[in-house]
Structure formats: C-alpha cells, structure tokens
Amino acid sequence: MRWRSGMPLHDEVERIRGELYKDDRLRVSVALFGQPGAGKSSLINKMIGQKLAAVGVETDKTVSAGEYESKGITFVDLPGYGTKKFPKEGYFEEFDIPSRDLFLCVTSGKLLQSDAELFSELIKFGKICIFVSNKYDELWEDDIPLSELKQRRRDDIVKHVGHQVPVVFTSCRTNEGLDDLQNLIAQNLHEAKRERWLRSAKAYSQVFLEEKKNACERKVQIAAAVSAANGLNPIPGTDVAVDISTLVVLFREIRESYGLADELVVELKQQSVPLIAQLAGKAAQYAAKEGILMLLKSVATREVVKTTVRFVPVVGQLIAASIGFGITYSAGMSYLKDCHDLATEVLNKRLSY
Ligand SMILES: Nc1nc2c(ncn2[C@@H]2O[C@H](COP(=O)(O)OP(=O)(O)OP(=O)(O)O)[C@@H](O)[C@H]2O)c(=O)[nH]1
Ligand SMILES: [Mg+2]
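Residues numbered from 1 in each chain as written. Chains lettered and ligands numbered in written order. Predicted model: local features only at pLDDT ≥ 70, side-chain atom pairs only at ≥ 80, totals over all residues. Heavy atoms only, no water.

As recorded by an unreviewed UniProt entry, the protein chain carries the name IRG-type G domain-containing protein and is attributed to Azospirillum thermophilum.

The next thing to look at is the layout of surface pockets. By volume, the second largest pocket is sized at about 380 Å³. Taken together, 24 residues form the lining of the second largest pocket, with Lys202, Tyr258, Leu264, Val346 and Arg350 sitting closest to its centre. Sorting the residues of the lining of the second largest pocket by element identifies helix H8 (206-229), helix H10 (262-269) and helix H15 (323-351) as the ones contributing at least two each. If you tally residues by element for the lining of the second largest pocket, the top one is H15, at 5 residues. When grouped by side-chain class, the residues that make up the lining of the second largest pocket number 13 nonpolar, 5 polar and 6 charged. (1 Å grid on protein atoms, 1.4 Å probe; cavity = no way out; pocket = protein on both sides within 12 Å on 5 of 7 lines; lining within 4 Å. Points joined across faces, edges and corners; volume = space filled by probe spheres on them. Helix = DSSP H or I, 4+ residues; strand = E, 2+ residues; numbered from the N terminus. Nonpolar A, V, L, I, M, F, W, Y, C, P; charged D, E, K, R; others polar.)

Before going further, it helps to spend a moment on the nonpolar core. Phe75, Leu104, Trp197 and Phe325 are the most contacted members of the largest nonpolar core, which has 80 residues in total. Each of domain 1 (27-194) and domain 2 (203-351) accounts for three or more of the residues forming this core. Core analysis: the next-biggest nonpolar cluster, separate from the first, contains 27 residues, Tyr91, Phe95, Leu122 and Leu149 among them. (Core = buried A, V, L, I, M, F, W, Y, C linked by side-chain atoms within 4.5 Å. Buried < 20%, exposed > 50% of the residue type's maximum accessible area, 1.4 Å probe, protein only. Domains from an automatic or database assignment.)

With that out of the way, let us pick up the environment of Gly237. You can see Gly237 is positioned in the loop between strand E7 (233-234) and strand E8 (241-242). We classify Gly237 as exposed; its relative accessible area is 87%. Between the alpha carbons of Gly237 and Lys297 there is a distance of 7.4 Å; along the sequence they are 60 residues apart.

Both faces of the sheet carry side chains from a regular strand, because those side chains alternate between them. By the bridge criterion, 5 bridges tie strand E2 (residues 66-70) to strand E3 (residues 73-77) in an arrangement that is antiparallel. Residue Gly66 lies in a different strand from E3, and its bridge partner there is Asp77. (Pairing = 2+ DSSP bridges.)

Let's shift gears to the domain arrangement of the protein chain. Domain assignment breaks the protein chain into domain 1 (27-194) and domain 2 (203-351). Look at where the C-alpha atoms of domain 1 and domain 2 centre, and you get two points 35 Å apart. Counting from both sides, the interface comprises 7 residues of domain 1 and, opposite them, 4 residues of domain 2. Both faces considered, domain 1 and domain 2 share a buried interface measuring about 650 Å² in area, 54% of it formed by carbon and sulfur atoms. Contact with domain 2 buries surface across domain 1, with Lys71, Asp179 and Gln182 losing the most and accounting together for 59% of the total. In this assembly, domain 1 and domain 2 are joined by 0 salt bridges. Residues of the side of domain 1 that touches domain 2, tallied by class, amount to 1 nonpolar, 3 polar and 3 charged. (Contact = heavy atoms within 4.5 Å. Buried area = accessible area lost by both parts, 1.4 Å probe. Salt bridge = Lys/Arg side-chain N within 4 Å of Asp/Glu carboxyl O.)

A word on the packing of H8 against helix H9 (residues 244-257). Running from amino to carboxyl end, H8 crosses H9 at an angle of 170°, the nearest separation of the two axes being 9 Å. Comparing the axis directions of H8 and H9 gives the class roughly antiparallel. Along its contact with H8, which presents Lys212, Cys216, Lys219, Val220, Ala223, Val226 and Ser227, the element H9 presents Thr246, Leu247, Leu250, Glu253, Ile254 and Ser257. (Axes fitted to C-alpha atoms, helices over the stretch in contact; angles between N-to-C directions. Parallel < 35°, antiparallel > 145°, perpendicular 65-115°, else oblique.)

Here the focus is the sheet that holds E2. Pairing is mixed in the open sheet, where 6 strands are placed in the order E2-E3-E1-E4-E5-E6. In this open sheet, the two edge strands, each paired with only one partner strand, are E2 and strand E6 (167-169). Each strand axis lies, on average, 25° off the axis of its neighbour in the sheet, ignoring direction. The pairing of strand E1 (residues 28-33) with E3 spans 5 bridges and is parallel. The residue bridging Leu32 from the neighbouring strand is Asp77, located in E3.

Below, the structure written as structure tokens:
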C-alpha cells in the first residue's frame, strides 16, 4: 500500500474504518454444477467445513438453484443447463452467472453433454471453471492401474470439451485432493476475494493453514486500528482506552476461520493431549469481553508493545505509532497464534490417524 505521509489522523481512521467495512461486505460466489449425485453438496460441506447442504438427498434442482452462505462465501448449486424448465436462452440471467466468481463442474463418472456445453459457454464468457472429478476413492478396477483410470476420466472430459483442461481428483470420503481444490480456487481469485477464501475455507494441509494465517493477519491489523481509534473501554492499569467489541468480533472471526466452533473448542478443552487442551482453554478464555480485557492488560505491561510495532502499511503511520494500536495489535496477533497453533495440532492429529 502507498505511503500516506501528511494525512491527518481523522482521515486515516476513516480510511481504515472503510477497509473494515469493505472486508465485512465482501462475498465470494462459487457455483457448482454437474450430474445428480456427483457429490456437489458433499463438496460444498467439505470446502467450508460445515454441514450446509443436505447430502444424499436429491435436491429438486428442476425448481431453482440452491444457495448456501457461510463466512462470506456463497455456494450456488446450479440446476441442469438447457432443460425444459431452464433453457439455455436466459439461463445466464436467471442464475446471475456474470456475478459469480468461479465455477466447479463436478463429475463422478462420465461427463454429461449439457455440463460440457455449460462449461464452454462459461469459458466464452471469460469465466473460470474447474473440473472436479469426485469419488476418487471409488476409482478402482481389477488389473488396471490408478493412473490409467484417472487418464480415462480426463480423456472423457477432453472428448466432450474438445481440448485439454485441468482436472482435480477429489474424494469427500478420504479427503484426498481437497487441498489441491482449495488451492486452485484460491489461485483463481483476485486479491481481496482470495484473502476472503483463504480465511473462510477449511484447511486440509499445513501450507493452507499458513496461508490462512497470513490472510487473517491483515484483518487483525485493520480491526486493531479501528479498536484503538474507538477508545471506549479503558484498559485497567494503563491510560489507554480501546474498543473491545471490535476485538470480540475479530476474535470470533479468527476462531471461525480456523473452524473452531464453540462446541469444538469445549470438546478440545477436555482432550488428553495437554497442548491441545491448553490452547483450547485460551481460545475459550479470550473469547468474551472480560477475557479480552485480561489479555489486553497482560499485553500492555510488556515493553515489547512499543518496540515491535514500527511500520504497518495497511493502517498507516499515525495509527501504527499509537500505543493503543500496539496493544490491540499484539493482543490480536497473540490470539491468532493460539488459534493457529490449536488448528495445527488438530490437523496433525487427524492426519496421523
Ligand atoms: N464414495 C464416495 N461417496 C461420495 C463422495 N462424495 C459424495 N458421496 C456420496 O454420494 C452421494 C451423493 O452425494 P451428494 O453430495 O448429495 O451429491 P449431489 O451432487 O449434491 O447430488 P444432487 O443434489 O442430487 O445433485 C451421497 O451418498 C454421498 O455420501 C465421495 O467422494 N466418495
Ligand atoms: Mg446436492
């Protein structure tokens, strides 16, 4: 971000408030289509890490598109293209295709001709569409190597589409390929939307968790600046006041980013692994206003606050130099680290099974 020297504090604060508002309103829209039973609903749930869409239930998509929304991501379950109810003519307007950010064509066997046609139309329109070959775990035939079976599925897609396209193989049963899919989606989104995706999507690898942390860091900087500028609640033992409600929201968003729902945190607190129990304890303790106040107080007494925060381009020099920002930022980063470490332990434990 450009250096803004000479900008008065008031303008700087307004600008940063605008950033937070923009962030909160930003939506990423991912649309899925593909033959019934291919696993679209299962993939939606896997990508966000929540049971949003009903699985194994034939959704009556002849009637309308299903929309699911969570953490700033909208998933759209598109009905068949070129049917009696939804002819090709008017389909793009009806389902608001131009406003969608990215498309997934999901198959679990042979590609339908109508799906290939929709894919071609989307590409002509300049949209990004990724082929997802799901139910990878079911890809098995006696005496035929897996590589050959994968190639057959790719060839089937190429046959319909007419040229080579990338295909991601996934399994909602074993979680194979889900990390590749998450990364490919992230790579195909632009800056702010990519950041939103990284913050909201479920991590299936350590690398994705690290990316998530980087994406959350910018959010911490902005929310900490807004909290510092909104000095409403005095921090005991200091002459600094900050807005704790902004931090309550920030901390909740951090937990949500890492898929640390309240019930899960409670469950993790009872874990026999001491590190997990301890980190979950912190995630819970600092969730509410009183806990955050305690954290702020402990951070404020550390000399480190004044020395570590020197230059934070996102929030500008004037705010970054304030003691309130130093405290809120350090507290936010400390909470982010705890949640990140907890999610890392949980992921490692899951992967080690
Ligand atoms: N073995 C296996 N089964 C899967 C996988 N993904 C989904 N399923 C199962 O396949 C069935 C259909 O999955 P859904 O996610 O409901 O499929 P869908 O594409 O949303 O189906 P419609 O809404 O009817 O179009 C369910 O029984 C799922 O449990 C997978 O990767 N492997
Ligand atoms: Mg479905």
